[in-house]
Amino acid sequence: MADKGKKILLTVDGSEQSMDAVRYVASAAPPSRAQVVLFQVMSKVPEVFWDLGRDPAWEKKIESLRLWEKQQESLAEVFMQTASELLRDAGFVTENITTKIGRQKEGIARDIISEAHQGYDIVVIGRGKSSEEGVPMGSVASKVLSAASTFSLWLIGGKPTAEKVLIALDSSEGGLRAVKHAGSMLNRDNNHMTLFHAIRGIAVSSAGIEDIFPEAYRRQLMEEAEEEIQPAMQLAKTHLKRLNVDAERLSAKVITSVRSRAAAIVQEARQEGYGTIVVGRRGISEVTEFAMGRVTNKLTQLAKDRALCIVA
C-alpha cells in the first residue's frame, strides 16, 4: 500500500486551463506523499426542460438535451482518463488517483466547497475568467477562495511551474506554515526555493511627515526591520533543511522601502522567473475580523499568471 499522505482535491471542468492545473500538480506535488482526487461537477439541465417533454412540440428538443448530457459525460470521462494518465506518468501510483464526476446539486462552487470540506488538505482550482472587466478571476474560483479557511488553496493561473518557488515570509505563524507547506508539498529535489520578505517604506509626501521621519531615521527603521526578520529567516531555513531542501537549492532575500508588499512579491516573481508563490492566508499584522490578510488578498488579484499557494 502506497503512502497516501496529503489529500488533494483537484477540481477540473474539461477546459484547457483545468488541464494546466493537472499538469501543475503532476510536476509540483510529491507523488509519494499525495493522494489526488480529480473532481468535476456536471452542469445540471433545469427540471423545467424535462417537464416540457410532455408537450409533443418539445419532444425533439428533449432528445437533443439528453444527447447533450451524454456527450458531456463522455467528454468528462475522457478528460479524467487523460488527466489520470498524466499523473501516473509523473510518478503517482494508480491507487492514489481517484476520479469523481458529480451532478450539480446546489451550484458548481457550492458543490466544490462541500466536497472540499470532506477532509481535504489542499484544493486546486484554475483562476477562470470573469465576464466583468477588471475582475481578476471567475466566480467559481472566487467563491471557493472565500471559503478556503480550513484547507490550503492552490490557485492556478497561466501555465505555471514549480521549478522556482518564492515563499513570502513574515514572522507570523501563517508565514511559518507557508514555509512548511512549501517544504513538504513543493519540494521536488530539482527546484529552487527563495524565502522573500518585503519591508514597506515610510511615505513622506504629506506636509510635515519628513520632519517627523527624516531620511536618517527612516534608514535606521529599515535596518532595524531587516534585523527583526532574521530570526524568522533562520527558523524557516531550519525547517526547510529538515524537510530535505538542500542548501544549494535555498536562498533568502529581503528588500526594503517598497510601496506595496504584494506588488513587490509579484514583481520579484516575474523578474526572476518564479512560477509559484507561497503565502500564508493571514500575516502577523492582519485584522482578525478578516478571513484573509491584505497582502494575500492583493496577491490573488495581481498574480494572474502564477500558481498562488495560499496556506491555511
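Relevant structure appears above.
Before going into details, it helps to say that this report is about the structure given with it. The shown structure was predicted, so the numbers you read here are calculated from the model rather than taken from an experiment. (Residues numbered from 1 in each chain as written. Predicted model: local features only at pLDDT ≥ 70, side-chain atom pairs only at ≥ 80, totals over all residues. Heavy atoms only, no water.)

### Observations concerning the pattern of salt bridges
Worth spelling out the cut-off: One speaks of a salt bridge when a side-chain nitrogen belonging to Lys or Arg is within 4 Å of a carboxyl oxygen belonging to Asp or Glu. Only DSSP runs of H or I covering at least 4 residues are called helices, and only runs of E covering at least 2 are called strands; the numbering of each starts at the N terminus. Exposure categories follow from relative accessible area, calculated using a 1.4 Å probe and restricted to protein chains: below 20% of the type maximum is buried, above 50% is exposed, and the middle band is partly exposed.
Going through the model one piece at a time under the given rule, you end up with nine salt bridges. We note a salt bridge from Lys159 to Asp20, for which the minimum N-O separation is 3.1 Å. One end of the pair, Lys159, is in the loop between strand E5 (152–156) and strand E6 (164–168); the other, Asp20, is in helix H1 (residues 16–28), and 139 residues separate them in sequence. Of the residues examined, Lys159 reaches a relative accessible area of 61% and is grouped as exposed. For Glu85, the salt bridge goes to Arg88, with nearest N and O atoms at 2.9 Å. Of this pair, Glu85 and Arg88 both sit in helix H3 (residues 59–89), three residues apart, which is roughly one turn of that helix. For Glu85, a relative accessible area of 37% corresponds to the partly exposed category. Take Arg88: its relative accessible area is 32%, and that puts it in the partly exposed class. Here the salt bridges share partners, and the residues they tie into one network are Glu16, Asp20, Arg23 and Lys159.

### Details of the nonpolar core
Short version of the rule: We call a set of buried residues a nonpolar core when its members are Ala, Val, Leu, Ile, Met, Phe, Trp, Tyr or Cys and they connect through side-chain atoms within 4.5 Å of each other.
Judged by nonpolar contacts, the single largest core of 46 residues is most densely connected at Trp154 and Leu186. With seven residues, the single largest contributor to this core is H1. Leu145, Leu166, Phe196 and Ile277 belong to the second largest nonpolar core, which has 38 residues in total.

### Some details on the packing of helix H9 (residues 261–272) against helix H10 (residues 294–302)
Two numbers describe a pair of packed helices, the interaxial angle and the distance between the axes. Our working definition: Fitted lines through C-alpha atoms serve as axes, helices being fitted only where they are in contact, and the angles separating the N-to-C directions of these axes extend from 0 to 180 degrees. For classification purposes, angles smaller than 35 degrees are called roughly parallel, those larger than 145 roughly antiparallel, those between 65 and 115 roughly perpendicular, and all remaining angles oblique. Crossing handedness is read from the near helix: turned anticlockwise from the far helix by less than a right angle, it gives a left-handed crossing, and turned clockwise, a right-handed one. Contacts are residue-level and defined by heavy atoms, with any inter-residue pair within 4.5 Å sufficient. Each residue is assigned to one of three groups, with Ala, Val, Leu, Ile, Met, Phe, Trp, Tyr, Cys and Pro labelled nonpolar, Asp, Glu, Lys and Arg labelled charged, and all others, Gly among them, labelled polar.
At a minimum axis distance of 8 Å, the contact between H9 and H10 shows a crossing angle of 45°. When the axes of H9 and H10 are compared, the pair comes out oblique. In this structure, H9 meets H10 at a crossing whose hand is right-handed. Across the interface between the two elements, Arg261, Ala262, Ala263, Ile265, Val266 and Arg270 from H9 touch Arg294, Val295, Lys298, Leu299 and Leu302 from H10. Across the contact of H9 with H10, the residue classes tally to seven nonpolar, no polar and four charged.

### Examining the sheet that holds strand E4 (residues 122–126)
Threshold: Paired strands are those between which DSSP finds at least two bridges.
On the basis of which strands lie adjacent, the open sheet formed by 10 strands has the order E3-E2-E1-E4-E5-E10-E9-E6-E7-E8 and mixed pairing. The two strands at the open ends of the sheet, each matched to only one other strand, are strand E3 (97–103) and strand E8 (250–258). Recorded for the sheet is a direction-independent mean angle of 20° between the axes of neighbouring strands. As judged from the five bridges shared by strand E9 (residues 276–280) and strand E10 (residues 307–311), these two strands associate in the parallel manner. Directly across from Gly280, in E10, lies its bridge partner Val311. Sitting on the sheet, H1 is in contact with strand E1 (6–11), strand E2 (34–42), E4, E5, E9 and E10, with an inclination near 125° to E5. Against the sheet, H9 touches E6, strand E7 (192–200), E8 and E9, its axis set at about 145° to E7.

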